[in-house]
Amino acid sequence: MKIYTKTGDQGETGLFGGGRVPKDHLRVAAYGEVDELNAAIGTAAAAEPAGFERALLESIQRDLFTIGAELATPDAAQLGKALARSGAAIGASEVGALEDVIDTHDAKLPPLKNFILPGGTPKAAAFHLARTVCRRAERAVVGLARQQKINPVIVQYLNRLSDLLFVLARAANAAAGLSDVPW
């Protein structure tokens, strides 16, 4: 089987469960932004020290694949079948898990009194970049949610994930002995 199908050569793409839409459709933009976020998190995970929160980041990447599948499947019946087969779903427990990690790391960091400049170690800089990609993905999903019904927990998850990525950037710098640089 070849990697290319040529089915998108006219500017359309297929959705899970059937149907075709233009590649610039809000739904495609939303799951495309989530896909880019997943790659950005993979980049952050690969930066040294590669072991820093590795299991957490892989879990988040799996959640993002689930979110992408939800966004790419407009038919609720088809989505239910796909999620049942995979056993994956995004719900309040996934959002709560992100909050728990935020609270754990944040408790070890000095309180913020100013905005900080994104940067520091390559790992922290990658987390900051992933955070901005996450915010863009969140905006795309909110735009889609204004037009079509989606799982509302997806917006909550992305909102919390951007907070987590910010805290992880700070934690990565602190682990390397670097202080936040105030704005």
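See above for the structure.
Keep in mind the model is a prediction, meaning the values are calculated, not measured.

Asks: I would appreciate a short explanation of the pattern of salt bridges in the present structure.
Replies: Any two side chains of opposite charge can pair if their charged atoms end up close together. In total, this model carries 9 salt bridges according to the counting rule given. In this structure, Asp180 engages Arg170 in a salt bridge whose closest nitrogen and oxygen atoms are separated by 2.7 Å. In this pair, Asp180 is assigned in the segment after helix 6 (153–175) and Arg170 in helix 6, connecting sequence segments 10 residues apart. Asp180 gets classed as partly exposed once you look at its relative accessible area, which sits at 23%. Put simply, Glu33, Glu36 and Arg136 are held in one network by salt bridges that share partners.

Asks: Could you clarify how one ought to interpret unusual backbone geometry in this entry?
Replies: With an omega of -5 degrees, the peptide bond between Glu48 and Pro49 qualifies as cis. Note that Pro49 resides in the loop between helix 1 (26–46) and helix 2 (54–71). At Glu53, a position not held by glycine, the phi torsion is positive, near 55 degrees. Along the polypeptide, Glu53 turns up in the loop between helix 1 and helix 2.

Asks: Would you explain the packing of aromatic side chains in this entry?
Replies: One pair of aromatic rings is described through two measures. These are the centre distance and the angle between the planes. Counted according to the given criterion, the structure contains 2 aromatic pairs. Arranged with centres 6.0 Å apart and planes meeting at 70 degrees, the rings of Phe115 and Trp183 form a pair that is edge-to-face. You can see Phe115 sitting in the loop between helix 4 (92–106) and helix 5 (122–147) and its partner Trp183 sitting in the segment after helix 6, a full 68 residues away along the chain. The same class applies to Phe115 as to Trp183, namely exposed.

Asks: Whenever I open this one, the environment of Gly177 confuses me. Can you help?
Replies: By secondary structure assignment, the location of Gly177 is in the segment after helix 6. Considered as a pair, Gly177 and Thr121 are 56 residues apart in the sequence and their alpha carbons are 9.8 Å apart.

Asks: How do you make sense of the packing of helix 1 against helix 2 when you look at a structure like this?
Replies: Each pair of packed helices can be described by the angle between their axes along with the distance between the axes. Their axes nearest at 9 Å, the elements helix 1 and helix 2 cross at an angle of 170 degrees. Judged by the angle between their axes, helix 1 and helix 2 are roughly antiparallel. Mapping the contact onto sequence places Arg27, Ala30, Tyr31, Val34, Leu37, Asn38, Ile41, Gly42, Ala45 and Ala46 in helix 1 and Arg54, Leu57, Ile60, Gln61, Leu64, Phe65, Ile67, Gly68, Glu70 and Leu71 in helix 2. Tallied by class, the residues present in the contact of helix 1 with helix 2 amount to 13 nonpolar, 4 polar and 3 charged.

Cut-offs used in this document
- Residues numbered from 1 in each chain as written.
- Predicted model: local features only at pLDDT ≥ 70, side-chain atom pairs only at ≥ 80, totals over all residues.
- Heavy atoms only, no water.
- Salt bridge = Lys/Arg side-chain N within 4 Å of Asp/Glu carboxyl O.
- Helix = DSSP H or I, 4+ residues; strand = E, 2+ residues; numbered from the N terminus.
- Buried < 20%, exposed > 50% of the residue type's maximum accessible area, 1.4 Å probe, protein only.
- Phe/Tyr/Trp six-rings, centres within 6.5 Å; stacked < 30°, edge-to-face > 60°.
- Axes fitted to C-alpha atoms, helices over the stretch in contact; angles between N-to-C directions.
- Parallel < 35°, antiparallel > 145°, perpendicular 65-115°, else oblique.
- Contact = heavy atoms within 4.5 Å.
- Nonpolar A, V, L, I, M, F, W, Y, C, P; charged D, E, K, R; others polar.

Function cannot be read off these values alone, since they describe shape.
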